[in-house]
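Overview (structure and organization)
Below, each chain spelled out in residue letters.
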Amino acid sequence: MGITGIFLITFLIVHCGVNALIFFNDGGILFTKAAHFMGTNWLIRTMEIVLFAGIIWHIVQALVLTLQNQKARPVQYAVVNGTANSKWYSRWMGLLGTLILIFLILHLNHFWVDSRITGIDHPPIIIEGHEYDNLYAEMKDVFENPIVVIIYVLAMFSLAYHLLHGFQSAFQSLGLNHKKYTSLIKAVGFWFSIIVPFVFALMPIAMYLGFVK
Amino acid sequence: MSGNMNLTLKVWKQRNKEERGKFETYSVKDISPDMSFLEMFDVLNEQLIAEGKDPIAFDHDCREGICGMCSMYINGRPHGPLQGVTTCQLHMRSFKDGDIIVVEPWRSAAFPVIKDLAVDRSSFDRIMAAGGFVSVNTGNARDANSILIPKDDADDAFNAAACIGCGACVAACKNSSAMLFVSAKVSQLALLPQGKVEAKTRVEKMVAQMDAEGFGNCTNTYACEAECPKNISVENIARMNREFIAAKLS
Ligand code: HEM
Ligand code: SF4
Ligand code: FES
C-alpha cells in the first residue's frame, strides 16, 4: 500500500502541475501544449499503463488487507469509542478510497475516454500553425454543469482526507520514521494533502464561474 | 458515604470458548470513588456469589500495572477512559453516579475468550518463543560498562522493554493488529549489541508467527499508541518495518 500510495502521490504532482497551467488564463495555450506532450510522449504513455496498474494494485491490496482484517476480529465490540484514540479518516480509508474510485470512473469518462479512445467532439485548436486536440474546450464544456462542479469539489475533500492519513502512513509503513525527519514528513504531507486537492478543486470552480476563459 | 455511587454494568458473559456469549446487566450500589475498577468487580462478584449466581471471570494478578493481565474493554476503550493506565490502575472516580458501564473482553481471533472477560493470550507467548530472545551461552556476568551503548539507544530499548504484553494494542486496533507489541519486543533487542546478532532472523520469525496467529494488518491509525498503558511509541513499528524489509532484501 505504501509503495503504490507514494507512486499515486507522484502522479498527483504531475497531473495537478500540468492542469494548473490553465490558470495562466492564456486561452489554454500552455495547457494544450503540455497535454499534447503528455499524450504523445512514449515514456509518459508507458507510465500511463504503469499508473493504471498502480491504481488497480493499490485497490487489490486494500481489498486483501480489509478482508484479512475483518477475519482477525470475528466478533465485533458492542461499543467502540474510536474518536478517543484515532483520527476518523484513518479509520475510514476504505470508504474515502471508494469515493475516490467512483470519482475516478466519472473523471476518466469525462476526459480520458474522449481524448484517448473516442476522440474529442471539438475542432482542433491551432497554435502557431500546429493543430492540437482541444481538451481545453472539452474541460470548459464539462464544467458548465454545476452538478459536475459540485461532485468534483466533494471528491477533492475525499482525496484530501485520504492523503492526510495516507501520506505519512506510507512512510511509516516503509519504516521511514526518524526522530528528526518524521515531523518534516508529517508537515509536508499535511500541506500536500491540502494544497493539491485545493488546486484541483479550483479548476472546475474557476471554469464554471468564468475566471478562466 | 457521600460521594459513593450506584452503577449499572453490562458485562459480557460467555461460558466457554465454543458457546456464544451475551451481555448480562448487573447493578452495584454504594461504590467508593477510591476503589479500583477491579475492586468494584470484586464487590460485584461477592454479591453474585452471595446470590448463588455465577461470578464473572476476569484476569488479574499484580493489581499495580505491571503484569498486564487485567484485560477489560470498558465503554469502547481498552482499560477504560484514561490514557497510560491498566484496568487495575483505573479508579471509580473516573465514573459518576448512575453511569452505565459496558465491559467486554478483548476481541480478536488470536485472543479467544476462555470465559467471560478472560481471554487466551498465548498467541503472544508463541510469538516470543519464535524469536523474542537472545541465544547466548551464559558465563559470568560481565562488567556492565564494558559494552558501550549510546544513551539514546539504551533509552529507546528500555522504553520498548516497558511493554507488559497486555494486548490493549490489539484490542484497540480496528484491524486487531499486534504490530505495537511485536515491534516493542523486536526493538528492545534490536537496539542493543547483544540483540543485533540475531536481528535478521528474529524479525522474520516473529512477524511470521504474528501472521500465523491470525492478527490483522497495521494501517497506522495509531490507536495502539494512544491506548497502550506503557505509552509504547509507534516509532517501534517503523523500526520493525525497516528491520523486516532489510531482512527480506538481504
Ligand atoms: C481508487 C480508489 C482507492 C481506494 C479504494 C483506496 C483505498 C485505500 C485503503 C483501504 C488504504 C489503507 C489504509 C492505509 O494503509 O493507511 C489506502 C492507503 C493509501 N492510499 Fe489509497 N485508495 C484509493 C486511491 C488512492 C489515490 C488516488 C491515492 C493517491 C493520491 C492514494 C494514496 C494512498 C496512500 C498514500 C495510502 C497509504 C499507504 C500506507 O500506509 O501503506 N489512494 N488506500
Ligand atoms: S505495546 Fe502496550 S498495549 Fe501492546 S501489549 Fe505492550 S504494553 Fe500492552
Ligand atoms: S492486574 Fe497486573 S497490570 Fe492490572
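So, here's what we can say about the structure. Since we're looking at a predicted model, the values are computed, not measured.

Overview of the side chain of Gln 172 of chain A
Among the secondary structure elements, Gln 172 of chain A is positioned in helix H7 (residues 146-173). Here Gln 172 of chain A falls in the buried class, since its relative accessible area comes to 4%. A polar side-chain atom of Gln 172 of chain A sits 2.8 Å from the main-chain carbonyl oxygen of Val 234 of chain B. Setting aside residues no more than four positions away along its own chain, Gln 172 of chain A makes contact with Asn 177 of chain A together with Asn 220, Tyr 222, Val 234, Ile 237, Ala 238 and Asn 241 of chain B.

A short note on the site of ligand 2
Residues and elements named next belong to chain B. Around ligand 2, the surrounding shell consists of Cys 163, Ile 164, Gly 165, Cys 166, Gly 167, Ala 168, Cys 169, Leu 180, Phe 181, Cys 228, Pro 229 and Ile 232. Only helix H4 (168-172) and helix H5 (179-190) provide two or more residues apiece to the shell around ligand 2. Classifying every residue of the shell around ligand 2 by side-chain character gives 10 nonpolar, two polar and no charged.

A closer look at the site of ligand 1
Neighbouring ligand 1 are 23 residues, the closest being Gly 2, Leu 12, His 58, His 162 and Ser 169 of chain A. Residue neighbours of ligand 1 fall on chains A and B, so the site bridges chains. Between ligand 1 and His 165 of chain A there is a distance of 3.1 Å, counted from an oxygen atom to a side-chain nitrogen or oxygen. At 2.4 Å from an oxygen atom of ligand 1 is found a side-chain nitrogen or oxygen belonging to Ser 169 of chain A. Secondary-structure elements contributing two or more residues to the shell around ligand 1 are helix H1 (2-19), helix H3 (42-71), helix H5 (93-118) and H7 of chain A. Among the elements that make up the shell around ligand 1, the one with the highest residue count is H7 of chain A (seven residues).

Overview of the packing of helix H3 (residues 151-161) of chain B against H5 of chain B
All names here are of chain B. Contact pair H3 / H5: the axes reach a minimum separation of 8 Å and the direction vectors enclose 145°. Along this stretch, H3 crosses H5, giving a crossing that reads as left-handed. Every residue of H5 that contacts H3 at Ala 157, Ala 160 and Ala 161 is listed here: Ala 184, Ser 187 and Gln 188.

Quick look at the interface of chain B and chain A
Contacts between the two partners involve 39 residues from chain B and, on the opposite side, 28 residues from chain A. Contact with chain A buries surface across chain B, with Arg 107, Asn 217 and Asn 220 of chain B losing the most and accounting together for 20% of the total. At the boundary of chain B and chain A, one finds two salt bridges. Salt-bridge contacts for Glu 235 of chain B lead to Lys 179 of chain A; the nearest nitrogen and oxygen are separated by 3.5 Å. At the surface where chain B touches chain A, the tally comes to 27 residue pairs in polar contact (both at pLDDT 80 or more). Elements with a contribution of two residues or more to the side of chain B that touches chain A: strand E5 (100-104), H4, helix H8 (223-227) and helix H9 (235-249) of chain B.

Some thoughts on the packing of aromatic side chains
Enumeration over the complete set of coordinates arrives at 20 aromatic pairs over all chains. On the basis of an interplanar angle of 70° and a centroid distance of 5.3 Å, the ring pair of Phe 52 of chain A and Trp 112 of chain A is categorised as edge-to-face. Of this pair, Phe 52 of chain A sits in helix H3 while Trp 112 of chain A is found in helix H5, placing the two residues 60 residues apart along the sequence. Where Phe 143 of chain A meets Tyr 152 of chain A, the ring centres are 5.1 Å apart and the plane angle is 85°; that geometry is what we call edge-to-face. Among the aromatic residues, ring-to-ring pairing joins Phe 103, Phe 111, Phe 143 and Tyr 152 of chain A into one connected group. Over the ring of Trp 12 of chain B we find Arg 107 of chain B; its NZ or CZ atom is 4.2 Å from the centre of that ring.

Focus: the pattern of salt bridges
A complete count under the given rule lists 23 salt bridges over all chains for this structure. Glu 128 of chain A is the partner of Lys 33 of chain A in a salt bridge, and the nearest nitrogen-oxygen pair spans 3.4 Å. Of this pair, Lys 33 of chain A sits in helix H2 (residues 29-40) while Glu 128 of chain A sits in the loop between strand E1 (125-127) and strand E2 (130-132), and the two are 95 residues apart along the sequence. Judged by its relative accessible area of 30%, Lys 33 of chain A falls in the partly exposed class. In this structure, the salt-bridge partner of Lys 13 of chain B is Asp 116 of chain B, at a minimum N-O distance of 2.9 Å. Here Lys 13 of chain B, found in strand E1 (residues 5-13), pairs with Asp 116 of chain B, found in the loop between strand E6 (113-115) and strand E7 (118-119); they are 103 residues apart in sequence, far enough to count as distant. We note that Lys 13 of chain B, like Asp 116 of chain B, is buried. One salt-bridge network, held together by shared partners, links Lys 179 of chain A together with Asp 156, Glu 235 and Arg 239 of chain B.

Digging into unusual backbone geometry
All names here are of chain B. For Asp 30, which is not glycine, the phi dihedral falls at a positive 60°. Position of Asp 30 relative to the elements: it lies in strand E2 (residues 22-31). For Asp 30, a relative accessible area of 46% gives the class partly exposed. For His 79, which is not glycine, the phi torsion reads 65° and is therefore positive. Note on placement: His 79 falls in the loop between strand E4 (77-78) and E5.

Parameters at a glance
- Residues numbered from 1 in each chain as written.
- Chains lettered and ligands numbered in written order.
- Predicted model: local features only at pLDDT ≥ 70, side-chain atom pairs only at ≥ 80, totals over all residues.
- Heavy atoms only, no water.
- Helix = DSSP H or I, 4+ residues; strand = E, 2+ residues; numbered from the N terminus.
- Buried < 20%, exposed > 50% of the residue type's maximum accessible area, 1.4 Å probe, protein only.
- Polar contact = N/O pair within 3.5 Å; in protein donor to acceptor, adjacent residues only side chain to side chain.
- Contact = heavy atoms within 4.5 Å.
- Near = heavy atom within 4 Å.
- Nonpolar A, V, L, I, M, F, W, Y, C, P; charged D, E, K, R; others polar.
- Axes fitted to C-alpha atoms, helices over the stretch in contact; angles between N-to-C directions.
- Left-handed = near helix turned anticlockwise from the far one by under 90°.
- Buried area = accessible area lost by both parts, 1.4 Å probe.
- Salt bridge = Lys/Arg side-chain N within 4 Å of Asp/Glu carboxyl O.
- Phe/Tyr/Trp six-rings, centres within 6.5 Å; stacked < 30°, edge-to-face > 60°.
- Lys NZ or Arg CZ within 6 Å of the ring centre and 35° of its normal.

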